Amino acid sequence: TFTRPTRFKCIGGPALIVLSGCAIIVRGQPRGGPPPERQINLSNIRAGAMARRAAQGQPDSKDTPDEPWAFQAREFLRKKLIGKEVCFTVEIKTALGREYGMVYLGRDTTGENLADTLVTEGLATVRREGIRGNNPDQARLCDVEDQAKASKKGLWSEGGGAHTIRDLKYTIENPRNFVDSLHQKPINAIIEHVRDGSVVRALLLPDHYLVTVMLSGVKCPTFKREADGTEYPEQFAAEAKFFTESRLLQRDVQIILESCPNQIILGTILHPNGNITELLLKEGFARCVDWSMAVYTQGAEKLRAAERSAKERKIRIWKDYVAPTANLDLKDRQFVAKVMQVVNADAVVGKLNSGELKTIHLSSIRPPRIEGENKDKDKRFRPLYDIPYMFEAREFLRKKLIGKKVNVTVDYIRAATGPGESTPAFSERTCATVTIGGINIAEALVSKGLATVIRYRQDDDQRSSHYDELLAAEARAIKNGKGLHSKKEVPIHRVADISGETQKAKQFLPFLQRAGRSEAVVEYVFSGSRLKLYMPKETCLITFLLAGIECPRSSRNLPGGTQVAEPFSDEAMMFTKELVLQREVEVEVESMDKAGNFIGWLHIEGVNLSVALVESALSKVHFTAERSAYYKTLVSAEDACRLRKEKIWANYEEKPVEEVVHVKEAKERVANYKPVYVTEICDTLHFYTQDVETGAQLENLMETMRAEIAAQPPVEGAYAPRRGDICIATFADGEWYRARVEKVESPARVHVFYIDYGNREVVPSTRLAAMPPAFGIRTLPAQATEHAFAYIQVPQDEDARADVVDCIVRDIQNSQCLMNVEYSGATCPHVTIQFGDTKDDAGLGLVKEGLVMVEVRKEKHLQKMVSGKSSIDLGSHLNIWRYGDFRADDADEFGYRR
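Residues numbered from 1 in each chain as written. Predicted model: local features only at pLDDT ≥ 70, side-chain atom pairs only at ≥ 80, totals over all residues. Heavy atoms only, no water.

Undergrad: Please set out the overall build of the protein chain residue by residue, giving values where relevant.
TA: From N to C terminus, the protein chain includes 21 helices and 50 strands. Burial status across the protein chain gives 45% buried among its 898 residues. By sequence separation, contacts in the protein chain at least 24 residues apart represent 61% of the contacts at least 6 residues apart. Carbon and sulfur atoms form 50% of the exposed surface of the protein chain, whose accessible area is close to 48700 Å². (Helix = DSSP H or I, 4+ residues; strand = E, 2+ residues; numbered from the N terminus. Buried < 20%, exposed > 50% of the residue type's maximum accessible area, 1.4 Å probe, protein only. Contact = heavy atoms within 4.5 Å. Areas by Shrake-Rupley, 256 points an atom, 1.4 Å probe, with all protein chains shown as cover.)

Undergrad: Account for the sheet that holds strand E39 (residues 674-681), with residues named and values stated.
TA: A barrel is described by the order of its strands in space; here five strands give the closed sequence E39-E40-E46-E49-E48, paired in mixed fashion. Averaged over all adjacent pairs, the angle separating strand axes in this sheet is 60°, with direction ignored. For E39 and strand E40 (residues 687-691), the ladder comprises five bridges, and the chain directions are antiparallel. If you follow Val678 over to E40, its bridge partner there is Thr689. (Pairing = 2+ DSSP bridges. Axes fitted to C-alpha atoms, helices over the stretch in contact; angles between N-to-C directions.)

Undergrad: Can you break down the pairing of strand E17 (residues 265-271) residue by residue, with the values?
TA: The side chains of a regular strand alternate, first on one face of the sheet and then on the other. E17 sits mainly inside the fold: six of its seven residues count as buried. Across three bridges, strand E12 (residues 209-215) lies against E17 in parallel orientation. The residue of E17 that forms the bridge with Val213 is Ile265. The hairpin turn running from strand E16 (residues 252-259) into E17, its antiparallel successor, is five residues long, and Asn262 in that turn takes a positive phi close to 55°. Relative to strand E18 (residues 274-275), E17 runs antiparallel, the two sharing two bridges. Bridge pairing links His271 to Gly274 in E18.

Undergrad: Describe the nonpolar core, listing the residues and the values that go with them.
TA: Judged by nonpolar contacts, the single largest core of 47 residues is most densely connected at Ile365, Leu401 and Leu445. Looking at this core, the elements that each hand over two or more residues are strand E20 (334-343), strand E22 (357-362), helix H10 (383-386), helix H11 (390-401), strand E24 (405-414), strand E25 (429-436), helix H12 (441-447) and helix H13 (467-480). Per element, the largest residue contribution to this core is six residues, and it comes from H11. With sequence-adjacent residues up to four places away left out, Leu401 is seen in contact with Val339, Val348, Val406, Ile436 and Ile441. (Core = buried A, V, L, I, M, F, W, Y, C linked by side-chain atoms within 4.5 Å.)

Undergrad: Describe in detail the sheet that holds strand E43 (residues 749-754), supporting the description with residues and values.
TA: Taking strand neighbours across the sheet as the criterion, the five strands line up as E44-E43-E42-E41-E45 in an open arrangement whose pairing is antiparallel. The open sheet has two edge strands with one neighbour each: strand E44 (760-763) and strand E45 (768-770). Taking the axes of each pair of neighbouring strands and ignoring which way they run, one obtains an average angle of 45° across the sheet. As paired elements, strand E42 (residues 736-746) and E43 share six bridges and run antiparallel to each other. For Arg740, the partnering residue across the bridge sits in E43 and is Phe753. Seen against the sheet, helix H18 (residues 695-711) touches strand E41 (726-730) and E42 and runs at an angle of roughly 70° to E42.

Undergrad: Go over the side chain of Asp196 with me, naming the residues and quoting the values.
TA: With respect to the helices and strands, Asp196 occurs in strand E10 (residues 187-196). Within polar-contact distance, the side chain of Asp196 engages the backbone nitrogen of Ser198 at 2.9 Å. A distance of 3.1 Å separates a polar atom in the side chain of Asp196 from the backbone nitrogen of Val199. The contacts of Asp196, once residues within four sequence positions are left out, are Pro221, Thr222, Phe223 and Lys241. (Polar contact = N/O pair within 3.5 Å; in protein donor to acceptor, adjacent residues only side chain to side chain.)

Purely spatial values, then, with no claim about function.
Structure (structure tokens):
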């Protein structure tokens, strides 16, 4: 049967599919979905059959190769027709529904006749069987074929066309090696089949590999197959497939094969008109896939941006989408906060401009956690120190963020959850991306191997807005073996908690007192003046009370009930938190209380916290501050606040002060006691002290010097010591100190004097090195000063003198005392020493204990001191007086001299 010419128009790209050199598929107009398809076979001609793969599940079937010139005929027709408008007539329709007709290029039958063209090029043969003499089309085709034969074109060329048969490869033995060998270089290909919007079958040229490629980074709705073999499409699956087909099917493209996990080849298809992966996302036909996003080579941020665009327009698969932060105002979605505290290793407490404190969790990351249960049931579990890398993660965040302003972009709000069988309850959490100086803190944490990235269900949209960067950072950390991904032994932090341990605190107290200013990190603030400190050098935790002040007490649970908070206690605690929490500070430990808490002064960046609290009218001066070097500063700050009647002084009423008339006495000895630190007691009863006021300078010099030596260690044995040299020496504790060479017996025995501490030692020259010029005595003079006790005769008997030295060492060595210069001696000044806490005279104590005798002084203004020391009870028969008064009548004490 003959039909009148039928005109068909394809819209929007690849409208045709060329099955072979003599069969094509045309499509109609799309109306509310993919258009109908129709196969047309060219009448009166035959082209070679294309290769066919053996049927799956039939062992006897075999692969069928191309017939000669079959692929060339298909390619000739494909390049001529794909994307073009055609017109066709149907001449015959078989009982099985197969249609034969003539196809013309263009809008009507005046266009190029494809059958004629194929026969002319020698790519098809004419069906001569049953030729009707009245059929001009057949007669014309026969004439054209004869001309092709004469010209030896295509099928009619010499050689039989064996060279035109492809070596088609349906499988690849090792897909991963094949993909890796291409090194992500674009290769030419033809898209032969579209399974769904994101999976295609491609013919790789020029080697004719037929491979299935899944688009990297995305996934379209698919066609689900039931057990009985029937397929049903997910919503928008057919539309996504048509979208890809109309743009890529049988088009010449370039493919970048990017990875091959689990025998699945992932790749990106590049077409001159654009990247199909991005287009699918932008039009709402696909969603981003995390597991394959990491291998996408064209920029994962472009895919996320395209997906975000579709979400915002709520098109197709996103038509019911609701953003995680849709219910938040703009000011709550993006804001600036000052970091006050780092919680564990995945959250911070920030102070907003309004003064509100807000806990912010870092999006999509998980801090280090312990695998399995805690094995040591008897030991108190401390996550910060007992979980591997938790301390390193917390320290990284603390050093990077504490006290700094950060930019916060809220990604999602995680709803509160109740407790489960193995999981605790969690309150509602604000999860956000936190940046400082353009650096994503979560990404930096993950890249150092100090946190891992949370994996989500594909439909879970509550994740970081920079999720791909987090995955890439984790991949780098794994590749480089950083932190949690390292194969090395995990770091162990043995931190002793001596808070409330009275016996341990007593043993530890002398070390802290001798150390002067020690470095510490404030771990917790209990109240305005009570803190928990971590001492990094000593690797211990202590409870620390601020000296010299009386701070309002916070509410506490006591055995008898709850102690009510005093006024301004919360303000004082907030003040202390904001100033020192989780910051590096310096502490001076003076003493401890009966509960094992250490008492002293805390300094941060040159600010004394006790003074700062008093200046802010949040504390009063305690009477114990009178013997400290900070007393005047504290009192003047308190007076100023009292006058202004601020905060705790708001209700203060000044009491009338009685006028006291001071009567000047006759000239007395000058008593100008200053605080010193006794570092060494000699056998001769001379001793060495350091000035407390310059203690900080010495500590800073020592720290800087040791750091420089650690960076550039001296060569052992390179230094040749000479008498009088100022050098550096390693003490028994392994640290370097400044020293003076007093005598060189041999290289193995060099006598040195430690100029800052007063002790002497005999050391080998290998423990000595030249003094770095920046740390010599011109920078800071020697700090150890020699003194002798005033008004005291040193016992000549060695045993008696040893008893005195033992007593002095026990009472004042390595402690802070008050010293007054009384008079000059032959080699050093003679001084009186008072204990720092009781103000008792140490020399007078030696006299009262019967360990020494008083030295007579002729100076009138010193007679009172001498007589005060001399008036002792000899009847007690203590120590040197145990045999009674052994002094002769003509002894010096009675004014006679032999």
